[in-house]
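# Per-entry structural report
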Amino acid sequence: MKVLAEALTNILVPLGFIFLLVSLKKKSLQPIATLFFRIIVGGVLLTAGYLKAGNNAEARMAVQAYKILPNTLAANLGYALPWIEIAVGILILLGAFVKYSGLVAALLMAIFVIAISQAWARGLSIDCGCFGGGGKVAAGQTKYLQEIARDTGLMALGIYLFRNPRGILGLDK
Amino acid sequence: MAEAKKKDNFVRNLIVVSVVVIVAFTGIYKVSSNKKVNANAAIPKAASASEGYGLVYNPSAKVKIDIFEDFQCPICQTFEGINNKYINDLVKSGKAKVVFHPMTFIGPESILAANMSACAADSGKFLEAHANIYANQPSKENSGTMTNNYLFLLGTSVGITDSSFSKCVNEGKYADWTKLVEADAAKRGVNATPTVFVNGKELDRNTQYMDPEKFKKAMTDAGVK
């Protein structure tokens, strides 16, 4: 499941990013772009949250592996994060408060990018734990660049949603 | 028009609040029920609350070695293959205080295995059972291979004859105890397996885990004679 979700995300995010560049040029595409990005960002968050929510121990280990926060705080963040992602993901998919739920998604991604970058810069060998799993990996098996690129792409889509929250389908009126 | 707009937002807001409340409550319920430990949880004889509920051997020895591992973790199996003989030596000769912390983050079969190891500890056969579980670690995690019956046979094949062993394994007597072990590991920030601390200091993952000479040297440097 983790591998599948990761692979699908790695395809969808670049597609979304290309569409983002196109729709910035061609403004008439905006409503469909907003819907498309809502599906990507919301879907990724919901999936990532769901895959992590079933395993407390693994989730807290993944956050602790970043070695940023004190152990207890990191553990609690690990327990809470999947559920935050699920809630934000559902709201974006439903098209509710897209302006702010898109902003929260972008902020989450910004935090992830910073966290992964510092792990890379400090020479830690960890998996981002984005879709479950996580924690230390062998020195040659890190995928920092890919993880950062993916989260940066999602952040860009989240910012687009913040700036263009109105699209087709959705609860926002 | 204004009236209609207000009404529309009411529905949306209602849905938003419901989603947030439902997700928040589900999350809090799931996390806390997963962590909750029965107040009368059985604790293995060798376990000590002051050592994070790990299984303690040679409590009065000067040098302390904490080993955190998960019976389903393949790297733990490798580690075991490399250092098992030496660690068993330390336990049997009394040269070091060795504390085993069986973690269970890989899933349900890790809980079954940890439970069995604790049952074996009660029967005085922890080291043997521990080695035998690794020797027979299924190639896939949580694949349904490592059942209580599978584990029971791994125990009896290393000579556990106690009549209570079967009951202990099959009833998951120490399943709740594994939550206590995990809670301590969370407090200490153990985020990978195997993790080894010598006198509270973690070994260097890049060099000291998988090289038997360096592993030994780390122990002798810490005062193991």
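The structure displayed is predicted, hence computed values, not measured ones.

What follows is about the overall build of chain A. Helix and strand counts for chain A stand at six helices and two strands. Written out in order from the N terminus, the α and β elements of chain A read α-α-α-α-α-β-β-α. Expected size for 173 residues packed as a compact globule is a radius of gyration near 16 Å; at 16 Å, chain A falls within 12% of this value. By its C-alpha atoms, chain A is 45 × 30 × 25 Å across when sized along the principal axes. In chain A, which comprises 173 residues, the share counted as buried stands at 48%.

A few words on the overall build of chain B. Regarding its fold elements, chain B presents eight helices and six strands. Its helices and strands taken in sequence order, chain B reads α-β-β-β-α-β-α-α-α-α-α-β-β-α from the N to the C terminus. A compact globule built from 225 residues should have a C-alpha radius of gyration of about 17 Å, whereas chain B, at 22 Å, is more than 25% larger. Taking the principal axes of its C-alpha atoms as reference, chain B extends roughly 85 × 40 × 35 Å. A sequence separation of at least 24 residues applies to 78% of the contacts in chain B between residues at least 6 apart.

Residues Val41(A) and Val98(B) are the most contacted members of the largest nonpolar core, which totals 108 residues. Among the elements that take part in this core, helix H4 (residues 71–94) of chain A stands out by supplying twelve residues, more than any other. Mapped onto the domain boundaries, this core takes at least three residues apiece from domain 1 (1–36) and domain 2 (47–221) of chain B. Here Val98(B) is in contact with Tyr57(B), Asn58(B), Ile65(B), Ile67(B), Ile87(B), Leu90(B) and Val91(B), once residues within four sequence places are set aside.

The subject of this paragraph is the pairing of strand S2 (residues 54–57) of chain B. In the case of a regular strand, side chains alternate between the two sheet surfaces. Residue and element names in this part refer to chain B. Where strand S1 (residues 47–48) and S2 come together, two bridges link them in antiparallel fashion. Within the sheet, the bridge partner assigned to Ala47 lies in S2 and is Leu55. Hairpin connection between S1 and S2: a loop of five residues separates the two successive antiparallel strands, and Gly52 in this loop has a positive phi of roughly 65°. In the sheet, S2 pairs with strand S4 (residues 97–103) via three bridges, with the strands oriented antiparallel. In the strand pairing of S4, Val56 is matched with Val99.

Here we take up the interface of chain B and chain A. Across the contact, 26 residues belong to chain B and 27 residues belong to chain A. Considered class by class, the residues forming the side of chain B that touches chain A number ten nonpolar, seven polar and nine charged.

Moving on: the pairing of S4(B). Residues and elements named next belong to chain B. In terms of burial, S4 is largely enclosed, as seven of its seven residues are buried. Covered by surrounding structure in S4 are Lys97, Val99, His101 and Met103 together with Val98, Phe100 and Pro102, the residues of both alternating faces. As paired strands, strand S3 (residues 64–70) and S4 are joined by seven bridges and run parallel to one another. The partner of Ile67 across the bridge, within S4, is Phe100. With respect to chirality, the unit in which S3 leads through helix H2 (residues 74–93) into the neighbouring parallel S4 is right-handed.

We note that the domain assignment places domain 1 (1–36) and domain 2 (47–221) within chain B. A C-alpha centroid distance of 43 Å is found between domain 1 of chain B and domain 2 of chain B.

Here Gly129(A) shows up in the loop between strand S1 (126–127) and strand S2 (135–136). Not counting residues up to four positions away in its chain, the partners in contact with Gly129(A) are Ala62(A), Gly134(A) and Gly135(A).

For any two helices packed against each other, one specifies the crossing angle of their axes together with the interaxial distance. All names here are of chain A. Axis separation between H4 and helix H5 (residues 98–121) bottoms out at 9 Å; the angle between their running directions is 140°. Taken together, the axes of H4 and H5 lie oblique to each other. Of the two possible hands of crossing, H4 and H5 adopt the one that is left-handed. Contacts from Val88, Leu91 and Ile92 of H4 reach H5 at Val98, Ser101, Gly102, Val104 and Ala105. When grouped by side-chain class, the residues that make up the contact of H4 with H5 number six nonpolar, two polar and no charged.

Parameters and conventions
Residues numbered from 1 in each chain as written. Chains lettered and ligands numbered in written order. Predicted model: local features only at pLDDT ≥ 70, side-chain atom pairs only at ≥ 80, totals over all residues. Helix = DSSP H or I, 4+ residues; strand = E, 2+ residues; numbered from the N terminus. Rg over C-alpha atoms; globule rule 2.2 N^0.38 Å. Buried ≥ 20, exposed ≤ 12 C-beta atoms within 10 Å, placed from the backbone. Contact = placed C-beta atoms within 7 Å. Core = buried A, V, L, I, M, F, W, Y, C linked by C-beta atoms within 7 Å. Domains from an automatic or database assignment. Pairing = 2+ DSSP bridges. Nonpolar A, V, L, I, M, F, W, Y, C, P; charged D, E, K, R; others polar. Right-handed = clockwise from strand over helix to strand, strands pointing away. Axes fitted to C-alpha atoms, helices over the stretch in contact; angles between N-to-C directions. Parallel < 35°, antiparallel > 145°, perpendicular 65-115°, else oblique. Left-handed = near helix turned anticlockwise from the far one by under 90°.

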